[in-house]
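Commentary on secondary and tertiary structure
If you want the building blocks of each chain, they are given just below.
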Amino acid sequence: SQQGEEDPQALSIQEGENATMNCSYKTSINNLQWYRQNSGRGLVHLILIRSNEREKHSGRLRVTLDTSKKSSSLLITASRAADTASYFCATDAWRTGGGNKLTFGTGTQLKVEL
Amino acid sequence: SAVISQKPSRDICQRGTSLTIQCQVDSQVTMMFWYRQQPGQSLTLIATANQGSEATYESGFVIDKFPISRPNLTFSTLTVSNMSPEDSSIYLCSGKGFGTGSSGYTFGSGTRLTVV
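Here the residue numbering is sequential within each chain, running from 1 through the sequence in written order. Both sets of labels track the order of writing: A upward for chains, 1 upward for ligands. Per-residue local features of the predicted model are confined to residues with pLDDT of at least 70, and side-chain atom pairs are confined, for both listing and counting, to 80 or more; whole-chain, interface and lining totals are unaffected and use all residues. Excluding hydrogens and water, the side-chain values take into account all heavy atoms of the structure.

Turning our attention to the state of the cysteines. A pair of sulfur atoms, both from cysteines and within 2.5 Å, is called a disulfide here. Taken as a whole, this structure holds 2 disulfides over all chains when the rule is applied. The disulfide bridge from C23(A) ends at C89(A), spanning 2.0 Å between sulfur atoms. Handedness of the C23(A)-C89(A) disulfide follows from its S-S torsion of about 70 degrees: it is right-handed. Taken together, the residues span a long stretch of sequence, with C23(A) in strand β3 (residues 19–24) and C89(A) in strand β9 (residues 85–94) at a distance of 66 residues. C89(A) shares its class with C23(A); the two are buried. One disulfide bridge connects C23(B) with C93(B), the sulfur atoms lying 1.8 Å from each other. For the disulfide bridge between C23(B) and C93(B), the dihedral angle about the S-S bond is near -95 degrees, and by the sign convention the bridge is left-handed. Linking C23(B) in strand β3 (residues 19–25) with C93(B) in strand β9 (residues 89–96), this pair joins segments that are 70 residues apart in sequence. For C23(B), a relative accessible area of 0% translates into the label buried. Throughout, exposure labels follow a simple rule: accessible area from a 1.4 Å probe, protein chains only, divided by the maximum for the residue type, with under 20% read as buried, over 50% as exposed, and the rest as partly exposed. You can call C93(B) buried: its relative accessible area is 0%. In this structure C13(B) is not part of a disulfide, and its nearest cysteine sulfur, from C23(B), lies 16 Å away. Put simply, DSSP marks the helices as runs of H or I at least four residues long and the strands as runs of E at least two long, and each gets a number from the N terminus on.

What follows deals with the pairing of strand β7 (residues 68–72) of chain B. Looking down a regular strand, the side chains alternate between one sheet face and the other. All names here are of chain B. A pair of strands counts as paired when DSSP detects no fewer than two bridges linking them. Here β7 runs beside strand β8 (residues 75–80); their pairing, made up of 3 bridges, is antiparallel. By the bridge assignment, I68 is partnered in β8 with L78. Taking the residues that link successive antiparallel strands as the turn, the β7-β8 hairpin has 2 residues.

Residues and elements named next belong to chain B. Within the secondary structure layout, G108 lies in the loop between β10 (105–107) and β11 (111–115). Measuring from C-alpha to C-alpha, the distance between G108 and Y35 comes to 10 Å, with 73 residues separating the pair along the chain. Contacts: residue pairs with any heavy atoms within 4.5 Å of one another. Setting aside anything within four residues of it in sequence, one finds G108 in contact with I4, Q6, L92 and C93.

Here the amide bond leading from D7(A) into P8(A) is cis, since omega sits at 0 degrees, within 30 degrees of zero. Within the secondary structure, P8(A) is located in the loop between β1 (5–7) and β2 (10–14). Here the residue pair K7(B) and P8(B) is connected by a cis peptide bond, since its omega of 0 degrees sits within 30 degrees of zero. Locating P8(B) in the fold gives a position in the loop between β1 (4–7) and β2 (10–13). Of note in the backbone geometry, K70(A) takes a positive phi value of approximately 50 degrees without being a glycine. Residue position: K70(A) is located in the loop between β7 (61–66) and β8 (71–76).

With that settled, the discussion passes to the interface of chain B and chain A. With 20 residues of chain B at the interface, the matching set in chain A holds 20 residues. Put simply, buried area is the surface a 1.4 Å probe can reach on two separate parts but cannot reach once they are joined, added for both. Between chain B and chain A the total buried area reaches about 1600 Å² when both faces are included, carbon and sulfur atoms providing 51% of it. Any carboxyl oxygen of Asp or Glu within 4 Å of a side-chain nitrogen of Lys or Arg constitutes a salt bridge here. Our count for the contact surface shared by chain B and chain A stands at 3 salt bridges. Where D92(A) meets K96(B), a salt bridge forms, and the shortest distance between an N and an O atom there is 3.8 Å.

Nonpolar core, defined: a set of buried Ala, Val, Leu, Ile, Met, Phe, Trp, Tyr and Cys residues in which side-chain atoms within 4.5 Å join the residues together. Grouped together as the largest cluster of nonpolar side chains are 25 residues, with contacts concentrated most on W34(B), I46(B), F66(B), I68(B), L78(B), Y91(B) and L113(B). Only β3, β4 (31–37), β5 (43–49), β8, β9 and β11 of chain B provide two or more residues apiece to this core. Once residues lying within four places of it in the same chain are set aside, the contact partners of L78(B) are L19(B), T20(B), I21(B), W34(B), I46(B), F66(B), P67(B), I68(B) and Y91(B). Counting 21 residues, the second largest nonpolar core, distinct from the first, contains A19(A), W34(A), C89(A) and V112(A).

All names here are of chain B. Ordered by their spatial adjacency, 4 strands build an open sheet running β1-β3-β8-β7, and the pairing between neighbours is antiparallel. Across the chains shown, the open sheet's two edge strands, defined by having one partner strand only, are β1 and β7. Looking at each pair of strands side by side, their axes are set apart by 15 degrees on average, direction ignored. Bridge analysis of β1 against β3 gives 4 bridges, and the strand direction is antiparallel. Paired with K7 across the strands is Q22, a residue of β3. For helices, the fitted axis covers only the stretch in contact; all axes are lines through C-alpha atoms, and the angles between them, taken along N-to-C directions, range from 0 to 180 degrees.

Put into structure tokens, the structure is as follows:
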């Protein structure tokens, strides 16, 4: 079953605008990660935030994590047409019986128009 | 970081047949995972491939339909058995362990399966 719900499901913005995507999850986590996927191709890892962190930056990306609300957000600033893709949050958590597993959210389809 | 070679990259198969997907990692990984991504959907974990023991399947997935092998720490296969059009999806493998980069996980490039 999906761990995370993301909203919005789809987002269309103009180039230069900021894009914000939200992710909610249900259980305790070790870290939360964001991935990008272009047109059903391979996944690109964007950023990881650990459960004891609240905010992290990487270039034009800003991620926040609120473990009390079990939610995260991804902000892409000054968006570009090349940012058009599907974005997924994924939670890394211990699993019953040992080991980890990465569980993906439902995803947000971002379209950046010129 | 570790690189996974996944093949085939795509295939078109007849219903009722089986397809085996292979993933080869260029370094040892402790855990390997198999995901399914149905058209327009997110990734759903099928199972965790354990070296030297049976795979651990997620709810809704069974070994008879998706048998998995993990003979060593760098290789795994997923077979999609007795396929139907509903099995048309992208299948991705993933590895976790030392050398899998900042995320802790590395992914294959996926197998796009179409069942006709």
